[in-house]
Amino acid sequence: MSTLRVVWYSIVSGANDYWSIFTPKSWVFGWLIRVVSQVTFFALIGTLLQSQVQTEFLLVGNAVMVAGMGATFALHQPTAERGNGTLPLLLASPSRPVIVMLSRGLYVVADAIWSALLGLAIVGPAFGLHLPWPRSLLVIPLTALVGVSAYCFSTFLAGVIIANRNINNLVVNTTIVLLMVLCGVNVPVSEFPAWLEWIARCLPITDGLEAIRGVLAGDPWSSVAAHIGGELLAAGGWLALALLTFGRFIRAGQRDGSLEFAS
Amino acid sequence: MIAVDVQQLERVFTPRKREPVVALDGVSLTIPAGEVHGMLGPNGAGKTTLVKILSTVLLPTSGTARVLGYDVVEETQAVRPLIGIVFGGERGLYTRLTARQNLEYWGALYRLPAAMIRPRSAALLERVGLVDRADQRVEQFSRGMKQRLHLARGLMGDAKVLFLDEPTTGMDPIAGREFRLLIAELKEEGRTILLTTHDMVEAESVCDRVTLIDRGRVLATETPRTLGTLISRFQRIDVGGADDALLAEVAAVPGVSSAIPQADGWTRIEVSEEGATALVLRRLVDSGITDLRTSLPSLEEVYVQAIGERGLDV
Amino acid sequence: MRAFLAGARVQLRFITAYPDMLIPFITAPLFTIVFMLVFKHAGRQDLTAYAAIAPVFIALWWLALFNSGWTITTERWNGTLELLVAAPSSFGAVVFGKIATTTAIGTVSFFESWLVARLIFGATVTIYHWGAFLLTVFATLGAMAGTAVGMAALFVLARNAVTFSNSASYPFYVLGGILVPVSLLPHWVRPLSAVVFLSWSAGLLRATLRAAPIHDFWPHLGMVVLLGACGFAVGLAALRVILVRVRQSGELSTT
């Protein structure tokens, strides 16, 4: 029960932090315009290629990618804690740091998912994306799944790099573009050699995105379900890995003194 | 030769949505070349504002200030190569660069000939005792080391006039003492130094003259010894274990201004005349009291209790 | 001039000191891969030039937004802004030296793109019009630096600089036609694109990588130079305001 309480309070504090940074105005004119532009940028490639199929492929892929991208920002959390001076306090508290970190960032994930859906809803019609009804409603929970899955992955990564405060931004940006390359966002993973496709399917986003495309294309439910299962597996796997290793990385950093508390 | 000449300097800040703040209210000051001049005052007295104006960082609202004969407002470009600024503190250095790299950068900005930059950086690092850490990143430096690097930075341009703004704040006593030795050396070289501090001991140990400043106004400019005398007049004695009769007797001694019980059970006896301390102490010791402490009030307390009410009386 | 060089030299040192500055050089080849994959999948190897150029603009613009743009603000946070103002050297020259260096280094991304196209996809980027190519590159770098000076100065003065910085990437990639030419955008957007120098630069660079003769080279180049100069002029004016704010009102003081 106390774990749930930790989770709840962490969510609330994370949300409060978030809204102290963003006002509704700056969210719309700053963030949302960027999201819409990002999806548009890639969708336009389809226009260049004079292919509606390509356009829709790129549009859907990059809209869903926004959920993954936003979730990857969770990697910034330890640095934020460091900057606030709360990291050592967190580590010294009875609660497991990974639970607190996971919970504090949930608001970021919610925002990422919401942004992705808005991106799809705004840019989709502009490019003639057809959303079959009511199947398309499934896109909502599936996008949420992709966001959560990416979040579990980035929480694991946050543990890996927790000792090194300098490379945070570098890792976030690289991770985002790498996910764009590998996860079937812009080209189907079936185009990759087998070993690369295997890696792609271990990563978040890949299967979830295929499920979403399958829903929109009217694919058989069995194939969609298989992809959903794949994404659930990825999410669960990265979550388990994060829970198992986060504490270990912290202790390693504390042992060899590489865990820096000051920002 | 006058190194620094300040006449009726005023500086008013008008922050947004707040009342204007008068940081300097008609400050006048003259510092002859080669003097180490202390600026002593509590936080918010206007010391940093004055230093910023003299170092051309800030413009005055009215009045004039000249450094080595050049007006800081009209002849800014003539002033800048002649002065060195040591603002101090944790900031003001590029922490991801090494000590040497920091100095070489500022050397270039102070228009040193290219051939001179390296040798001068090396010499200054040697001088401030950082030569072993010359190629270490500043982020690894302690507070005292950063402060010494600040001083080296201020000397890169071979400044004739140095402005040091609370340079030893936060330093441990040994580091502080070493720093003061450096300042004495700089004085030997004929440089003029304006040093701000709120530490009376520091002002006494290093300065030829000290200006007392509070709330943007100069209260006095004296030698440290004179100031010390002023303040030692207001010495106080803390007594433990004295009974009421003894305390009443002591309170009646000429030159004692008050005897007030404190929360910890001791009594604080405030003295306001020379010689009274000795009388009080003798009386207490003769009565067998051994729980005794004497102390000097802080500068703020002197202002608040004595100078503020009575004005300065030498 | 010495101030410019001093700024340039210290900026080079910062590159090794701050890992963040490597970001565009890691993402540029990755973006090249993304674009090349898309074009390959669509059987459009003729668009290799497009795939090679866009990442360069992404890298250069990133450097302007997240590095150059924050040059002066970081000096302020670092406590060195007032020291810089008080130094004999020209503040503007130092700032420009830093920004010019960062911008120049951004060109490494072009070599990265070219290498990725070559080594991973076996595609070559051929420069058909060398003179025009080099002129366009120089004009682009100049305009990028000029715009970055504008950003650096404005970010100090504007309250929502952080929001702008974080969101001004993709909107400008779209408006600037860095991958997909502006001609494919809706009509109502094109006037906006016309005032973004990226659109003229990108168009010209793509043209230099095509065998066909280039139309209206000089007018288009002129637009790049003009818009870059405008950014620079805005920056200079804003720099003056900054100096006033430092010295007159003391507003930018952090002590």
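Residues numbered from 1 in each chain as written. Chains lettered and ligands numbered in written order. Predicted model: local features only at pLDDT ≥ 70, side-chain atom pairs only at ≥ 80, totals over all residues.

Some points on the overall build of chain B
(1) Moving on: Across its full length, chain B holds 11 helices and 14 strands.
(2) Moving on: Principal-axis analysis of the C-alpha atoms places the extent of chain B at approximately 75 × 45 × 45 Å.
(3) Moving on: Burial status across chain B gives 42% buried among its 314 residues.
(4) Moving on: A fraction of 67% describes how many contacts in chain B between residues 6 or more apart in sequence connect residues 24 or more apart. (Helix = DSSP H or I, 4+ residues; strand = E, 2+ residues; numbered from the N terminus. Buried ≥ 20, exposed ≤ 12 C-beta atoms within 10 Å, placed from the backbone. Contact = placed C-beta atoms within 7 Å.)

Regarding the sheet that holds strand β4 (residues 62-67) of chain B
All names here are of chain B.
(1) Moving on: The four strands lie next to each other as β2-β1-β4-β5, forming an open sheet whose pairing is antiparallel. Strands at the two margins of the open sheet, each flanked by one partner only, are β2 (21-32) and β5 (70-71).
(2) Moving on: For strand β1 (residues 2-13) and β2, the ladder comprises nine bridges, and the chain directions are antiparallel. Pairing of I2 across the sheet is with P32, part of β2. (Pairing = 2+ DSSP bridges.)

Brief notes about helix α3 (residues 52-72) of chain A
(1) Moving on: Here α3 of chain A contains 21 residues, and its C-alpha end-to-end distance of 30 Å stays within 8% of the 30 Å for a straight helix at 1.5 Å per residue.
(2) Moving on: In terms of burial, α3 of chain A is a largely internal element, 19 of the 21 residues being buried. (Expected span 1.5 Å × (residues − 1).)

Details of the packing of helix α12 (residues 197-208) of chain C against helix α13 (residues 217-249) of chain C
Residues and elements named next belong to chain C.
(1) Moving on: At their nearest, the axes of α12 and α13 sit 8 Å apart, and the two run at 145° to each other. The chirality of how α12 crosses α13 is left-handed. Contacts between α12 and α13 involve F197, W200, S201, G203 and L204 from the former and F217, H220, L221, M223, V224, L227 and G228 from the latter. (Axes fitted to C-alpha atoms, helices over the stretch in contact; angles between N-to-C directions. Left-handed = near helix turned anticlockwise from the far one by under 90°.)

Points about the interface of chain B and chain C
(1) Moving on: Counting residues at the interface gives 23 residues for chain B, matched by 23 residues for chain C.
(2) Moving on: Residue contributions to the side of chain B that touches chain C peak at four residues, all from helix α3 (residues 99-109) of chain B.
(3) Moving on: Looking at the side of chain B that touches chain C residue by residue, the classes come out as 13 nonpolar, six polar and four charged. (Nonpolar A, V, L, I, M, F, W, Y, C, P; charged D, E, K, R; others polar.)

Re the sheet that holds strand β10 (residues 217-222) of chain B
Residue and element names in this part refer to chain B.
(1) Moving on: If you walk across this open sheet you meet the six strands as β6-β7-β8-β3-β9-β10, and the pairing is mixed. In this open sheet, the two edge strands, each paired with only one partner strand, are β6 (83-86) and β10. The sheet shows a mean angle of 15° between the axes of neighbouring strands, taken without regard to direction.
(2) Moving on: Bridge analysis of β6 against strand β7 (residues 161-165) gives four bridges, and the strand direction is parallel. Bridged to I83 within β7 is V161.
(3) Moving on: Running at roughly 165° to β6, helix α5 (residues 143-155) makes contact with β6 and β7 of the sheet.

Regarding the interface of chain A and chain C
How big an interface is tends to be stated in terms of the accessible area lost upon association of its parts.
(1) Moving on: Listed per partner, the contact involves 29 residues of chain A and 27 residues of chain C.
(2) Moving on: Elements supplying a minimum of two residues to the side of chain A that touches chain C: α2 (24-48) and α9 (168-182) of chain A.
(3) Moving on: Counting residues per element, the side of chain A that touches chain C draws most heavily on α2 of chain A, at 13 residues.
(4) Moving on: Class assignment of the residues belonging to the side of chain A that touches chain C gives a composition of 14 nonpolar, 13 polar and two charged.

Comments concerning the nonpolar core
(1) Moving on: Judged by nonpolar contacts, the single largest core of 228 residues is most densely connected at A54, F57 and I58 of chain C.
(2) Moving on: Per-element accounting of this core gives the leading share, 16 residues, to helix α3 (residues 48-66) of chain C.
(3) Moving on: In this structure, I58 of chain C is in contact with A28, F31, Y173 and I178 of chain C, ignoring residues within four places of it in sequence.
(4) Moving on: One finds V239, A242, I269 and V271 of chain B within the second-largest nonpolar core, a separate group that totals 11 residues. (Core = buried A, V, L, I, M, F, W, Y, C linked by C-beta atoms within 7 Å.)

Some details on the arrangement of the chains
(1) Moving on: Of all two pairs of chains in contact, the one with the most contacts involves chains A and C.
(2) Moving on: Between chain A and chain B there is no contact, and the shortest C-alpha to C-alpha distance separating them is 11 Å.

Focus on the pairing of strand β11 (residues 236-239) of chain B
Residues and elements named next belong to chain B.
(1) Moving on: With four bridges connecting them, β11 and strand β13 (residues 267-271) associate as antiparallel partners. Along β13, the bridge assignment pairs I237 with I269.
(2) Moving on: Where β11 meets strand β14 (residues 292-295), four bridges bridge the pair, whose relative direction is antiparallel. From the neighbouring strand, R236 faces β14, where its bridge partner is S295.

Details of the pairing of β13 of chain B
Residues and elements named next belong to chain B.
(1) Moving on: Burial of the side chains of β13 is restricted to one face: T267, I269 and V271 are buried, whereas none of R268 and E270 on the reverse face is.
(2) Moving on: Examined bridge by bridge, strand β12 (residues 256-261) and β13 share five bridges and lie antiparallel to one another. Of the residues in β13, the one forming a bridge with P261 is T267.
(3) Moving on: Counted between consecutive antiparallel strands, the loop separating β12 from β13 contains five residues, among which G265 sits at a positive phi close to 95°.

Scope: geometric values only; no functional claims are made or implied.
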